[in-house]
Amino acid sequence: MFHLKGIYLINPQWQSGNKSKQECTQLQKQALEAYIEDHNIFTVKLNQWQLNDYYTVPHTLLYDLKQKRADLDVLLLYSEEVLVNFINSYPARWLILKSFFKEVVFAAKQEENHLKGAG
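It should be emphasised that the depicted structure is a prediction, and the values quoted were computed from it without experimental measurement.

About the thresholds
Residues numbered from 1 in each chain as written. Predicted model: local features only at pLDDT ≥ 70, side-chain atom pairs only at ≥ 80, totals over all residues. Heavy atoms only, no water. Helix = DSSP H or I, 4+ residues; strand = E, 2+ residues; numbered from the N terminus. Buried < 20%, exposed > 50% of the residue type's maximum accessible area, 1.4 Å probe, protein only. Areas by Shrake-Rupley, 256 points an atom, 1.4 Å probe, with all protein chains shown as cover. Arc of directions from axis to C-beta. Contact = heavy atoms within 4.5 Å. Core = buried A, V, L, I, M, F, W, Y, C linked by side-chain atoms within 4.5 Å. pLDDT = per-residue confidence, 0-100.

Student: I tried to follow the overall build of the protein on my own but got confused; where do I start?
Tutor: For the protein, the helix and strand inventory stands at 5 helices and 4 strands. Listed by position from the N terminus, the elements making up the protein come as β-α-β-α-β-α-α-β-α. Out of the 119 residues belonging to the protein, those deemed buried represent 38%. In the structure as shown, the protein presents an accessible area of about 7600 Å², 49% of it carried by carbon and sulfur atoms.

Here you go:
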């Protein structure tokens, strides 16, 4: 069976609405892991010392991508909103980061599209 290879990024500092950072981190994690499972994505660990299956710091991800030069299909994020500060502060780094992947998927949009399609 063919598997897409991907990496997911969670922002533990992101907050939405009246939810705590911890709740928002859990929300991101659950949505991304469900998307990974539903789409048979094989998550890649670039760094043997990496504690989690996901990244939490875009700069670290970019550094590891430059070191490994891995062939990856997808970068998974909960939404563009979770990285808006990084994207706006480091637009060139964001472009370089995205260039390591064939596509960037926002799991929250996929959920919305799925729910709209179900109605």
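Here the narrative resumes.
Student: How should I be thinking about helix H2 (residues 58-68) in this particular structure?
Tutor: One turn of an α-helix holds 3.6 residues; hence residues three or four places apart share an orientation. Turning to H2, its buried residues number three or more, namely Pro58, Leu61, Leu62, Asp64 and Leu65. For H2, the angular spread of the buried residues around the axis is 165°, confining them to a single face. Facing away from the buried side of H2 by over 90 degrees, the exposed positions are Tyr63 and Gln67. The elements touched by buried residues of H2 are strand E1 (4-9), strand E3 (72-77), helix H3 (84-89), helix H4 (91-99) and strand E4 (101-106). Arginine 69, located one to two residues past H2, shows a positive phi value of around 50°.

Student: Explanation requested: the nonpolar core in the structure shown.
Tutor: One broad rule of soluble globular proteins: the nonpolar side chains tend to lie buried together. In this structure, Ile7, Leu61, Leu65, Leu75, Trp94 and Leu97 are the most contacted members of the largest nonpolar core, which totals 19 residues. For this core, the secondary structure elements donating two or more residues are E1, H2, E3, H3, H4 and E4. Leave out the neighbours within four places in its chain, and isoleucine 7 touches Val44, Leu46, Tyr55, Leu61, Leu65, Leu72, Val74, Leu75, Leu76 and Phe101. Core analysis: the next-biggest nonpolar cluster, separate from the first, contains 11 residues, Ile10, Leu76, Val105 and Ala107 among them.

Student: How should I be thinking about the confidence of the model for the protein in this particular structure?
Tutor: Detailed conclusions should not be drawn from predicted coordinates in areas where pLDDT is low. Looking at the protein, pLDDT values average 88 and 90% of them are 70 or higher. The low-confidence segment residues 113-119, where pLDDT is below 50, has 0 contacts with residues more than four positions distant or belonging to other chains.

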